[in-house]
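# Survey of secondary and tertiary structure
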Amino acid sequence: MKLDTNFKERNSLGQDVFEYLKNAIIDQTIEPGARLVESKMADMLGISRTPLREALHKLALGGWIERLHSGGFQVVTLTQEDVEQTFGIRSVLEGYAARLAAENYQDKDLIPLEKNIKEYDKCLESKKNWDKLQEINTQFHDLLYALSKNPKLITMVNQLRAQLPSVHQIILNQEEAVLKSNEDHIDLLKAVKDRDGDEVEQLLRAHIIKGKNMVLAQLDQAEKNKKKAQKKQDS
């Protein structure tokens, strides 16, 4: 791996290093399965170990890396099985949460959802960064599931959504997904307004499965690229 050295010691350095390393994991500058040795990384980044430790701790808490028994950390490898299982469960739980939202909402509850959709469109039109769009996208789901009035279900949903954090970046790094996501949200909101539990559950599950398929396609392409590079290296 080749890492940047353009860091200066300051109070927010740990956060800056965290963001840099997270993005390096997402774009695979740091490859899945790569071992992160603290001393070597500090030298490569040109920083002291204290902010690096802070960054690594945050990455581990976020599920981006895992601690090794032998010491140090390793980038979490996203497998097809991980994606299939996690998204499969999510589609069921989040679909049920959406159904309950359609059954339990009050009219005033829909105002934040409508504002969210408008905010997403405005952000998309102004061509602001994808990170903001992801934040708005996540907020829509938070607002929708809150209407289920089922705290235990919401806790389970949030725990699953927190797993495999890189998948959200993979999905919303694709322009097609960014454009289509809000269209799906508009359809979901209409079904909620109609109190059509069957429809909103079906739409939400389809929305989740589309995301799953995008992630699987990305993993498949990454594996093909890896084999192609290895073949070229061996020849």
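Structure's up top.
Just so you know, these numbers come straight off a predicted model, no measurement behind them.

### Focus on the layout of surface pockets
The volume enclosed by the second largest pocket comes to roughly 530 Å³. Listing elements by their share of the lining of the second largest pocket, those giving two or more residues are helix 4 (80–104), helix 6 (130–146), helix 7 (151–162), helix 8 (166–172), helix 9 (175–193) and helix 10 (197–234). Class assignment of the residues belonging to the lining of the second largest pocket gives a composition of 7 nonpolar, 9 polar and 8 charged.

### Overview of helix 10
Here helix 10 contains 38 residues, and its C-alpha end-to-end distance of 56 Å stays within 8% of the 56 Å for a straight helix at 1.5 Å per residue. Three or more residues of helix 10 are buried, namely G197, V200, E201, L204, H207, I208, G211, K212, M214, V215, L216 and L219.

### With respect to the sheet that holds strand 1 (residues 35–36)
A sheet is described by the order of its strands in space; here 3 strands give the open sequence 1-3-2, paired in antiparallel fashion. The open sheet has two free edges, formed respectively by strand 1 and strand 2 (65–67), since each of these has just one partner strand. Relative to strand 3 (residues 73–75), strand 2 runs antiparallel, the two sharing 3 bridges. From the neighbouring strand, I65 faces strand 3, where its bridge partner is V75.

### With respect to the environment of S91
Position of S91 relative to the elements: it lies in helix 4. Using a relative accessible area of 4% as the deciding quantity, one classes S91 as buried. The sequence separation of S91 and K212 amounts to 121 residues, and the corresponding C-alpha distance is 9.6 Å. Among residues more than four places away in sequence, those in contact with S91 are R205, I208 and I209.

Definitions and limits used
- Residues numbered from 1 in each chain as written.
- Predicted model: local features only at pLDDT ≥ 70, side-chain atom pairs only at ≥ 80, totals over all residues.
- Heavy atoms only, no water.
- 1 Å grid on protein atoms, 1.4 Å probe; cavity = no way out; pocket = protein on both sides within 12 Å on 5 of 7 lines; lining within 4 Å.
- Points joined across faces, edges and corners; volume = space filled by probe spheres on them.
- Helix = DSSP H or I, 4+ residues; strand = E, 2+ residues; numbered from the N terminus.
- Nonpolar A, V, L, I, M, F, W, Y, C, P; charged D, E, K, R; others polar.
- Expected span 1.5 Å × (residues − 1).
- Buried < 20%, exposed > 50% of the residue type's maximum accessible area, 1.4 Å probe, protein only.
- Pairing = 2+ DSSP bridges.
- Contact = heavy atoms within 4.5 Å.

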